[in-house]
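Here's the letter readout for the chains.
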Number of protein chains: 2
Amino acid sequence: MNYVYSSIMDYLRPSPVAEMLKMASDPELLSFAGGMPDATLFPVEHLRESFDLSLREHGAKALQYSVAEGLPSLRQKICDRMLRAGIDCEIENVLLTQGGTQGIDLSAAIFLDRGDTILCENPTYMGAMGPFDVRDVNYVSVDMDEEGMRMDALEQRLREHPEAKLIYVIPDFQNPTGVTMTVERRRRIVELAREYDVLILEDNPYRELRFDHDELPAIKSFDTEGRVIFLGTFSKTLCPGMRLGWVVAEKEVINNMTTLRAATDMQCSSIAMYAADFFLEHADFDGHIRTVRDAYAMKKERMIEVMQATFPQDVSFTNPDGGIFLWLTFPQKVDAGLMLRELVIPKARAAYMPGEAFYCQAPHRNTCRLNYSGRTLEEIERGISAMGEVFRQVF
Amino acid sequence: MNYVYSSIMDYLRPSPVAEMLKMASDPELLSFAGGMPDATLFPVEHLRESFDLSLREHGAKALQYSVAEGLPSLRQKICDRMLRAGIDCEIENVLLTQGGTQGIDLSAAIFLDRGDTILCENPTYMGAMGPFDVRDVNYVSVDMDEEGMRMDALEQRLREHPEAKLIYVIPDFQNPTGVTMTVERRRRIVELAREYDVLILEDNPYRELRFDHDELPAIKSFDTEGRVIFLGTFSKTLCPGMRLGWVVAEKEVINNMTTLRAATDMQCSSIAMYAADFFLEHADFDGHIRTVRDAYAMKKERMIEVMQATFPQDVSFTNPDGGIFLWLTFPQKVDAGLMLRELVIPKARAAYMPGEAFYCQAPHRNTCRLNYSGRTLEEIERGISAMGEVFRQVF
């Protein structure tokens, strides 16, 4: 039959991530297009124990309905960890979500009406565009440089768009560019948000995966008014398959999000919350994060080395201090999507994610994202040098 | 600060379920207001093994991202089980959801725009009203009798409302009344839906909890055009804390729902899907369901016996063939909400769920819902006879 869909279906684009994951599932292909954490680093044995002992300890309670906000003891542990980001919060400020993505969706749902204006980095995380797209938002892009979103550009945009409601920003090891926002700009963005009366949605999934220095204070740490909504997740530090993320915000905001969440999917998996809580209580989570961080640092280093050795001069790239992605810029005239399909996949048997998918406005087609977390050192060497060979033939 | 929320927040009412669950958490109170399955029946040991052996067998794969549609082998097992409801489907027709609630939400999201008209039983499941409320739908109620939604009333409503888009219906052991729709009406509702070109959202969480007879064919079993969207869940047969439900619909519909789901929360917990799949493969799920069914049948019988023995003549009640709820009707002038707060809670130290919360139009305040699955036989005896004593003093 002919289905008549709601109007949100006019705005919803099939996720390029989903398509890329499908493409990346070709086992013959060395794909750097996705954003998978390295599954060989998952603390499988500790998590197995955590599920096992949670069920032994809590029994049926861990399989029954919980509260929509999520397990209080896990929310308390998140509060404790947030202190390191300079965020002082209580469990009433924390809502557990179905991964970080649901945090974006709930924030968009409670604050954004159709046609509302939001500001975001350009390029930005394409996964965030799903929740924004279904609200048919008006995207206004803010230019970045190597210190993150440019504050002069932001102020200009805020002046041009007094109707703007929210700034979406990924301050640490941004997806897709790998760029980190300086502390000065974190302070400044909160000032500007106050001055122009907009909210800030701080999406911060990679913060703890910093290779060298100490973690930087979160944007929310400079927030004295409840203007910043912070999103965190265990997907990159522990594993994505438990679907556990969180929102930190004012109690009023959390209450409203919780009401909406209770109405639409009720809660996270109880047993996943108990197991994560057990793991954080009994395992060495910080030690585990150090292991992941060191492994990713090594992968990034190797990727940079191979790029330096094999890429032609006119391919430039970022060199992130953490996270899981870096960003290439080809000469102006290159269409990275076309080059991927016509040359890189057939000749190098490797793949990147074309950059155009990440732009909310005016895509630069001569860009692409590479992920290093999901591949082995050997695969990085092989795949990136094969790409380098193709690039040398083209440029 | 003063937050400016989106317009959906104007329509979203705090969940009465959440409030009731809070009230029911008073350990001094014998609450029959919620809809909890009996946690003492959860197959904790088998599920513990299922988590354990899934993680031993699949390792990191069970903790990594999965596909948005959900684990194929679990979807296949759901297809196999759907055959018993007369539904012949393939895994491409199945999307796993975060409990049954997300199935309602995704259906509402892809088909309903603001102000769209939907038809539903009156009373109906108040939990479904969350997803409908946020779309600010126009509710049109259809009267019920002891054979479910009345088809003459439905036809009349469809004639009066040619703009209607969807019929929401719970055919088996309806929440809140416990009433089951006859097979004749299941066939007829599909005919009417075709004639008036509306969709049917068949919400069926309790189907397998039938006490005496064989399961009835689902409404969807009479669907030849893809007009019926069927919602199932493991929440009442296995446990709610794994958050696993499913949608069965045409591939096109499933594809659209999957795109939306991928954009808003990505997927169910991978490990929960693996564990459920393992459980269905290796444990005696049907035997387990028989155990649950028999226990609930006994609880319902006991509740009916105590009501017959202690309730005054002018309190009438349904006697369901399955599921977890029954429905009381007090004399016309009684306000069940008021009586709950002023008499039943203080004097009987027990609670029911006032019926008004379940009406999408024209609430009958002289009604209430009682849940029997969540209490022991002794608690049923004690709580219901205490209620009976209060009722005898009032009427």
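Since we're looking at a predicted model, the values are computed, not measured.

The next subject is the overall build of chain A. Counting its regular elements, chain A contains 13 helices and 15 strands. For 395 residues, the compact-globule estimate of 2.2 N^0.38 gives 21 Å, and chain A sits close to it at 21 Å. Seen along its three principal axes, the alpha-carbon backbone of chain A occupies a region of about 60 × 55 × 50 Å. Buried residues in chain A amount to 56% of all 395 residues. Of the contacts formed within chain A by residues at least 6 apart in sequence, a portion of 76% connects residues at least 24 apart.

Residue and element names in this part refer to chain B. In space, the 4 strands of this open sheet follow the order β11-β12-β15-β14, with antiparallel pairing throughout. The sheet terminates laterally at β11 (316–317) and β14 (353–354), the two strands that pair on one side only. Across 2 bridges, β14 lies against strand β15 (residues 367–371) in antiparallel orientation. Residue pairing in the sheet places P354 in a bridge with C368 of β15.

This part takes up the pairing of strand β2 (residues 94–97) of chain B. Residues and elements named next belong to chain B. What you see with β2 is no split at all: V94 and L96 on one side and L95 and T97 on the other are buried throughout. Of the strand pairs in this sheet, β2 and strand β10 (residues 245–248) are connected by 4 bridges, and their pairing is antiparallel. Looking across to β10, one finds that L96 is bridged to W246.

A few words now on the interface of chain B and chain A. If you look at the interface, chain B gives 67 residues, while chain A gives 66 residues. Among the secondary structure elements, those contributing two or more residues to the side of chain B that touches chain A are α1 (8–11), α3 (44–58), α5 (99–111), α6 (126–133), α9 (251–264) and α10 (270–282) of chain B. Considering every element that reaches the side of chain B that touches chain A, the biggest residue donor is α9(B), with 8 residues. Along the lines of polarity and charge, the residues of the side of chain B that touches chain A split into 36 nonpolar, 20 polar and 11 charged.

All names here are of chain A. Read from one edge to the other, the open sheet built from 7 strands follows the order β2-β10-β9-β8-β7-β3-β4, with strand pairing classed as mixed. Each edge of the sheet is formed by a strand with only one pairing partner; in this case those strands are β2 (94–97) and β4 (138–142). Recorded for the sheet is a direction-independent mean angle of 20 degrees between the axes of neighbouring strands. With 3 bridges connecting them, strand β3 (residues 117–121) and strand β7 (residues 166–169) associate as parallel partners. Across the sheet, the residue bridging to L119 is I167, located in β7. Against the sheet, helix α4 (residues 72–82) contacts β2 and β10 (245–248), and its axis sits at roughly 110 degrees relative to β2.

As a further point, take helix α9 (residues 251–264) of chain A. All names here are of chain A. Taking 1.5 Å per residue as the helical rise, α9 with its 14 residues ought to reach 20 Å, and the 20 Å between its terminal C-alpha atoms agrees with that figure. Taken across its 14 residues, α9 has 10 buried, putting it largely inside the fold. Listed in full, the buried residues belonging to α9 are V253, I254, N256, M257, T258, L260, R261, A262, A263 and T264. Just beyond α9, the residue with positive phi is M266, at close to 70 degrees.

Moving on, we come to the relation of the copies chain B and chain A. Take chain B, turn it by 180 degrees, move it 0.0 Å along the axis, and it overlays chain A with an RMSD of 0.0 Å. Such a turn and shift between the copies fits a two-fold axis. Looking at the rotation axis and the C-alpha trace of chain B, the residue lying nearest is D52(B), at 3.1 Å. The share of interface residues of chain B whose copies in chain A are also at the interface is 99%, consistent with both copies meeting through the same surface.

We now examine helix α11 (residues 285–310) of chain B. Residues that lie three or four places apart on an α-helix share one face, since the helix turns once every 3.6 residues. All names here are of chain B. In this model, α11 (26 residues) spans 37 Å end to end at C-alpha, consistent with the 38 Å of a helix rising 1.5 Å per residue. Among the residues of α11, those classed as buried are F285, V292, Y296, K299, K300, M303, V306 and M307. If you follow the buried residues of α11, they end up packed against α10, β11, β12 (325–329), β15 and α13 (377–394).

Bringing unusual backbone geometry into the picture now. With an omega dihedral of 5 degrees, the bond running from N122(A) to P123(A) counts as a cis peptide bond. Tracing the backbone through its elements, the reader meets P123(A) in the loop between β3 and α6 (126–133). Backbone geometry places F173(B), a non-glycine residue, at a positive phi of 50 degrees. Along the chain, F173(B) turns up in the loop between β7 (166–169) and α8 (183–195). In the Ramachandran plot, R243(B) falls in the positive-phi region, its phi being about 55 degrees despite a non-glycine side chain. For R243(B), the position within the fold is in the loop between β9 (228–233) and β10.

All names here are of chain A. In terms of burial, strand β8 (residues 199–203) is a largely internal element, 5 of the 5 residues being buried. As paired elements, β7 and β8 share 4 bridges and run parallel to each other. The residue of β8 that forms the bridge with V169 is E202. Running through helix α8 (residues 183–195), the crossover from β7 to the neighbouring parallel element β8 is right-handed. Two strands pair when backbone bridges link them, and β8 and strand β9 (residues 228–233) are joined in this way by 4 bridges, in the parallel orientation. Among the inter-strand pairings, L201 is bridged to a residue of β9, identified as I229.

Rules used throughout
Residues numbered from 1 in each chain as written. Chains lettered and ligands numbered in written order. Predicted model: local features only at pLDDT ≥ 70, side-chain atom pairs only at ≥ 80, totals over all residues. Helix = DSSP H or I, 4+ residues; strand = E, 2+ residues; numbered from the N terminus. Rg over C-alpha atoms; globule rule 2.2 N^0.38 Å. Buried ≥ 20, exposed ≤ 12 C-beta atoms within 10 Å, placed from the backbone. Contact = placed C-beta atoms within 7 Å. Pairing = 2+ DSSP bridges. Nonpolar A, V, L, I, M, F, W, Y, C, P; charged D, E, K, R; others polar. Axes fitted to C-alpha atoms, helices over the stretch in contact; angles between N-to-C directions. Expected span 1.5 Å × (residues − 1). Least-squares fit on C-alpha atoms with pLDDT ≥ 70 in both. Right-handed = clockwise from strand over helix to strand, strands pointing away.

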